[in-house]
Amino acid sequence: MPPSPASRCITALAVGEVALIAAIDRAGLAPDTAQRLCELGFDEGVDVEILHRAPFGGDPIAVRVGNMVVALRCDMAALIEVAA
Amino acid sequence: MNAPAPNLARSPVVALVGNPNAGKTSLFNALTGSRQKVGNYPGVTVERKAGRLALPDGRLCDLIDLPGTYSLNPRSPDEAVSRDAIFGRIAGERPLDAIVAVIDATNLRNHLRFVLELKPLGLPLVVALNMVDLAARDGIRIDAARLSALIGLPVVETVAVRKRGLDALGGALAAGIGDAPPPLPVAATGDVKALQKQARQISAAVETSTGAARRWSQRIDRVALHPVAGPLLLAAILFFMFQAVFSWAEAPMGWIEAGIAAVQARLALALPAGVLLSLLNDGVLAGVGAVVVFLPQILILFAFIIALEQSGYMTRAAFLMDRLMARVGLNGRAFIPLLSSFACAIPGIMATRTIDSPRDRLTTILIAPLMTCSARLPVYAVVIGAFIPARAVGPFGLQGLVLFVLYLAGILGALVAAFALRRTVTRGSAPPFLMEMPKYQWPAPRDLALGLYGRATAFLARAGTIILASTIVLWGLASWPQPPADGERPPIEYSLAGKIGAGLEPIFAPIGFNKEIAIALVPGMAAREVAVSALGTVYALNGVDEDHADGLIAQLRAAWPLPTALAFLAWFVFAPQCISTLAITRRETASWRWPIFMFTYLFAAAYVAAGVTHRLALAAGL
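Here the structure is a predicted model, which is why all the values come from computation and not from measurement. (Residues numbered from 1 in each chain as written. Chains lettered and ligands numbered in written order. Predicted model: local features only at pLDDT ≥ 70, side-chain atom pairs only at ≥ 80, totals over all residues. Heavy atoms only, no water.)

Section: the overall build of chain B
Within chain B, the secondary structure is distributed over 25 helices and 12 strands. Its C-alpha atoms put chain B at 90 × 55 × 40 Å along the principal axes. Of all 622 residues assigned to chain B, the portion counted as buried reaches 52%. Sequence-distant contacts, at least 24 apart, represent 74% of the contacts inside chain B between residues at least 6 apart. Of the roughly 26,200 Å² that chain B leaves accessible, carbon and sulfur atoms contribute 64%. (Helix = DSSP H or I, 4+ residues; strand = E, 2+ residues; numbered from the N terminus. Buried < 20%, exposed > 50% of the residue type's maximum accessible area, 1.4 Å probe, protein only. Contact = heavy atoms within 4.5 Å. Areas by Shrake-Rupley, 256 points an atom, 1.4 Å probe, with all protein chains shown as cover.)

What follows is the structure, given as structure tokens:
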């Protein structure tokens with residue numbers, strides 16, 4: 001799905017900036033990975049926030065999703081869009 | 001009570017099921033204490049933990065701690081075992097009579113989704129709402145009665161580490177388990193998204209939160225995951241860990257050595273000189289002693305690894321190091337196992353169980369022996385002491401520089417090996433890196449002690465039998481046939497080991513190894529540092545060990561040209577000689593294929609490295 005002007009990629013968030021998940025490009029993921037992402041709480045309408053970026057280049061990132069903190073690499077995070 | 005008396009003869013099977021980090025293992029430890037059996041599920045390297053639980057009505061349950069899993073859709077071998085156990089599909093395992101779903105009160109909405117997934121299976125299900133104390137600390141209040149009413153399941157509040165709520169949990173189980181086993185559950189196809197939404201709605205209805213959740217963890221993470229402070233803290237923790245491994249282990253290692261020597265002296269007095277005495281002293285005690293002497297280091301390392309895992313810091317270390325590990329095709333979780341292998345590959349290889357991708361895990365196991373373990377140090381010390389002049393190179397000593405180069409060569413070798421393995425034998429895409437970072441917790445002493453006990457006995461039981469058998473075989477090879485009465489050469493040269501070594505000489509000659517080295521490599525199979533005493537035996541010196549190596553150093557200086565010595569050092573960067581590592585690899589990969597592969601590739605790498613070093617040294621006119 002093309003990025004709509006009203007949304008941007010989660011990796012574009014500044015550390016500490018809270019946003020709501022607008023869309024997840026599940027087609028870009030293996031089915032079991034898409035499912036796991038959902039099981040970890042990533043879902044449309046859930047609030048997320050980047051807590052940390054790793055040293056040596058800012059990849060992976062630690063994302064708070066609901067009450068959970070999940071580490072994921074930027075290539076996967078790029079498939080998650082948040083409302084602007 | 002009006003209920004009919006329960007059938008005391010049948011012991012129901014109850015499984016603890018839950019997300020990773022729900023406190024499942026703490027609850028298991030609290031419920032079963034030290035009465036637990038730790039083993040493996042057949043054919044896979046997934047730990048099986050079982051214990052006994054007495055219900056208030058007198059029935060005795062078999063309690064099983066299933067591996068943590070996020071759902072019934074497995075993404076790793078551990079999670080597949082949990083699913084298969086729940087559906088009663090594991091050969092040799094009795095089907096479940098009931099499930100205790102353990103959920104973390106500080107993470108209700110995610111963990112509740114799994115409970116909703118388990119509910120339609122139809123098995124008696126009790127929800128343990130665990131860590132309610134930590135939830136209260138975070139300002140989270142959960143109305144357990146309302147939760148129970150909304151999901152239609154009994155809910156018991158527990159604090160596993162303080163043993164709170166255990167009786168109520170037993171009571172709820174007793175009420176739920178009937179006399180006849182329930183029918184096997186059939187696979188339900190629930191929509192995760194829908195369940196997730198339902199879980200969010202229910203938790204919003206029963207939860208009141210006043211205060212920032214996970215405040216403490218977030219505060220710690222501000223330092224632990226800081227781009228500059230984070231790596232420094234990691235380095236400091238690891239530095240402390242290595243200091244502890246080597247300095248705390250020194251005294252107990254001395255006791256073990258002294259103890260073995262004392263037993264050997266006793267036996268020498270009590271038994272007539274002969275085959276039996278030699279078997280016990282030079283075979284069993286010397287061989288097993290050479291391995292057991294590393295037990296203090298292994299235990300201290302295990303204690304640190306378990307504490308890092310239980311505290312939640314391990315995932316932070318993986319987060320910090322993921323970027324660097326990704327360059328050779330591994331992920332951040334491989335970092336701590338590899339680092340531990342600098343002390344000893346055995347705890348390192350056993351710690352790879354936290355790597356969820358089987359390919360990444362196998363790659364990590366295969367390269368772990370390339371980290372310069374402490375058993376190589378005695379070998380390096382003797383050869384460097386004999387051949388590398390103690391002169392200064394700028395501000396550094398040449399001997400220290402050579403040692404540094406050897407460590408570096410091991411690391412580079414491991415990186416190259418990982419890179420090559422990921423493109424050949426462990427080729428294929430690994431599941432993407434996706435890791436929950438749990439809240440920080442103090443490791444509970446009981447959980448730490450039980451974890452340490454489990455890993456230590458696993459090492460001694462599995463490796464011990466193979467080590468004992470192989471040291472006896474190696475002793476036999478080095479002792480038979482015995483030298484003739486008028487033999488002038490060292491006795492080992494007349495033995496089978498001597499014959500094998502002499503037979504191997506043509507193979508080793510191109511890389512600069514002489515017959516004596518070839519012979520010493522045969523008994524040196526037991527452990528790398530045994531090569532020192534084996535060389536002593538070959539050069540007919542008595543009582544050579546790492547503390548009494550002066551005679552050997554003089555002997556080697558006279559007997560080896562410099563290129564041979566350098567080739568020998570290069571050999572030991574890759575040397576495959578460690579029976580314990582091969583035995584533990586056999587256990588952790590559940591097949592002979594990978595230890596054989598490991599031995600072969602390390603042998604080839606050692607051979608090439610020694611050969612190249614020898615040629616270069618000759619060409620340089622050394």
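Don't stop here, the text continues.
Section: the packing of aromatic side chains
All names here are of chain B. Taken as a whole and assessed by the stated rule, the structure comprises 16 aromatic pairs over all chains. Centre to centre, the rings of Trp594 and Phe597 are 5.6 Å apart; their planes meet at 80 degrees, and the pair counts as edge-to-face. Of the two residues, Trp594 and Phe597 are both situated in helix 25 (residues 593-619); the distance of 3 residues between them amounts to about one turn of the helix. For Phe597, a relative accessible area of 25% corresponds to the partly exposed category. Just above the ring of Trp216 sits the side chain of Arg219; from NZ or CZ to the centre is 5.1 Å. (Phe/Tyr/Trp six-rings, centres within 6.5 Å; stacked < 30°, edge-to-face > 60°. Lys NZ or Arg CZ within 6 Å of the ring centre and 35° of its normal.)

Details of the pairing of strand 1 (residues 13-18) of chain B
Residues and elements named next belong to chain B. Most of strand 1 is tucked away, with 6 of its 6 residues classed as buried. As defined by bridge partners, strand 1 adjoins strand 4 (residues 60-65) across 4 bridges and the pair is classed as parallel. From the neighbouring strand, Val13 faces strand 4, where its bridge partner is Asp62. In this sheet, strand 5 (residues 98-104) lies alongside strand 1 in parallel orientation, the contact comprising 5 bridges. (Pairing = 2+ DSSP bridges.)

Observations regarding a positive patch on the surface
Residues and elements named next belong to chain B. Positive charge collects at one region of the surface, where Arg137, Arg215, Arg219 and Arg222 lie side by side. Top contributing element to the positive patch by residue count: helix 8 (residues 215-224), with 3 residues. Relative to the helices and strands, Arg215 is located in helix 8. (Patch = residues over 30% accessible without salt bridge, like charges linked within 9 Å, V, L, I, M, F, W, Y side chains within 5 Å. Salt bridge = Lys/Arg side-chain N within 4 Å of Asp/Glu carboxyl O. Lys, Arg positive; Asp, Glu negative; His and termini not counted. Charge placed at Lys NZ, Arg CZ, Asp CG, Glu CD.)

Description of the sheet that holds strand 8 (residues 155-157) of chain B
Residue and element names in this part refer to chain B. With respect to topology, 7 strands assemble into an open sheet ordered 2-3-4-1-5-6-8, the strand pairing being mixed. The outermost strands of the open sheet, each flanked by one partner alone, are strand 2 (36-40) and strand 8. Between one strand and the next, the sheet's axes are offset by a mean angle of 25 degrees, whatever the strand orientation. In this structure, strand 5 lies alongside strand 6 (residues 125-130), joined through 6 bridges in parallel fashion. Bridge pairing in strand 6 links Val102 to Ala128. Against the sheet, helix 1 (residues 24-32) engages strand 1, strand 2, strand 3 (47-54), strand 4, strand 5 and strand 6, with an angle of about 40 degrees to strand 3. (Axes fitted to C-alpha atoms, helices over the stretch in contact; angles between N-to-C directions.)

A closer look at the state of the cysteines
Going through the model one piece at a time under the given rule, you end up with 0 disulfides over all chains. Free of any disulfide, Cys373 of chain B has its nearest neighbouring cysteine sulfur in Cys344 of chain B, separated by 6.4 Å. (Disulfide = S-S within 2.5 Å.)

Notes on the confidence of the model for chain A
Of all residues in chain A, 93% attain a pLDDT of 70 or more, and the chain-wide mean is 87. Of all secondary-structure elements in chain A, the lowest mean pLDDT belongs to strand 1 (residues 7-9) of chain A, at 84, while strand 4 (residues 61-65) of chain A reaches the highest, 94. (pLDDT = per-residue confidence, 0-100.)

Re the packing of helix 5 (residues 144-151) of chain B against helix 7 (residues 192-206) of chain B
Residue and element names in this part refer to chain B. Between helix 5 and helix 7, the shortest axis-to-axis distance is 9 Å and the interhelical angle comes to 150 degrees. Considering the angle they form, helix 5 stands roughly antiparallel to helix 7. Viewed along their axes, helix 5 and helix 7 form a crossing whose handedness is right-handed. In contact with Arg146, Leu147, Leu150 and Ile151 of helix 5, helix 7 contributes Ile202, Ala205 and Val206. Classifying every residue of the contact of helix 5 with helix 7 by side-chain character gives 6 nonpolar, no polar and 1 charged. (Parallel < 35°, antiparallel > 145°, perpendicular 65-115°, else oblique. Left-handed = near helix turned anticlockwise from the far one by under 90°. Nonpolar A, V, L, I, M, F, W, Y, C, P; charged D, E, K, R; others polar.)

Considerations on the environment of Ala168 of chain B
Here Ala168 of chain B shows up in helix 6 (residues 166-176). Considered as a pair, Ala168 of chain B and Val156 of chain B are 12 residues apart in the sequence and their alpha carbons are 6.6 Å apart.

Here's the deal with the sheet that holds strand 5 (residues 68-72) of chain A
Here 7 strands make up an open sheet; going across it, the order is 1(A)-6(A)-2(A)-3(A)-4(A)-5(A)-12(B) and the pairing antiparallel. Taken across any chain shown, the strands that pair with only one partner, and hence form the sheet edges, are strand 1 of chain A together with strand 12 (434-436) of chain B. Ignoring strand direction, the axes of neighbouring strands in this sheet form an average angle of 40 degrees. Bridge count for strand 2 (residues 18-24) of chain A against strand 6 (residues 80-83) of chain A is 3 bridges, and the pairing is antiparallel. Across the sheet, residue Ala23 of chain A finds its bridge partner in strand 6 of chain A, namely Glu81 of chain A.

Some points on the pattern of salt bridges
Residues and elements named next belong to chain A. In total, this model carries 31 salt bridges over all chains according to the counting rule given. Across the salt bridge formed by Asp43 and Arg26, the nearest N and O atoms sit 3.9 Å from each other. Taken together, the residues span a long stretch of sequence, with Asp43 in the loop between helix 1 (31-39) and strand 3 (47-53) and Arg26 in the loop between strand 2 and helix 1 at a distance of 17 residues. Salt-bridge contacts for Asp47 lead to Arg64; the nearest nitrogen and oxygen are separated by 3.2 Å. Separated by 17 residues along the polypeptide, Asp47 in strand 3 and Arg64 in strand 4 bring together distant segments of the chain. Classification of Asp47 by relative accessible area gives partly exposed; the value is 24%. Judged by its relative accessible area of 13%, Arg64 is buried.

A word on the packing of helix 15 (residues 358-367) of chain B against helix 17 (residues 398-423) of chain B
Residues and elements named next belong to chain B. One way to put it is that helix 15 packs onto helix 17 with a least axis distance of 10 Å and a crossing angle of 145 degrees. Relative to helix 17, the crossing made by helix 15 is right-handed. Contact residues: Arg359, Asp360, Thr363, Leu366 and Ile367 in helix 15; Ala414, Ala417, Ala418, Leu421 and Arg422 in helix 17. Here the residues of the contact of helix 15 with helix 17 sort into 6 nonpolar, 1 polar and 3 charged.

Considering the pairing of strand 5 of chain A
In terms of residue burial, strand 5 of chain A counts as a mostly covered element, since 5 of its 5 residues are buried. In this antiparallel pair of consecutive strands, strand 4 of chain A and strand 5 of chain A, the connection spans 2 residues, and Gly66 of chain A shows a positive phi of 60 degrees. Where strand 5 of chain A lies against strand 12 of chain B, 3 bridges are found, and the strand directions are antiparallel. Note that in strand 12 of chain B the partner of Leu72 of chain A across the bridge is Leu434 of chain B.

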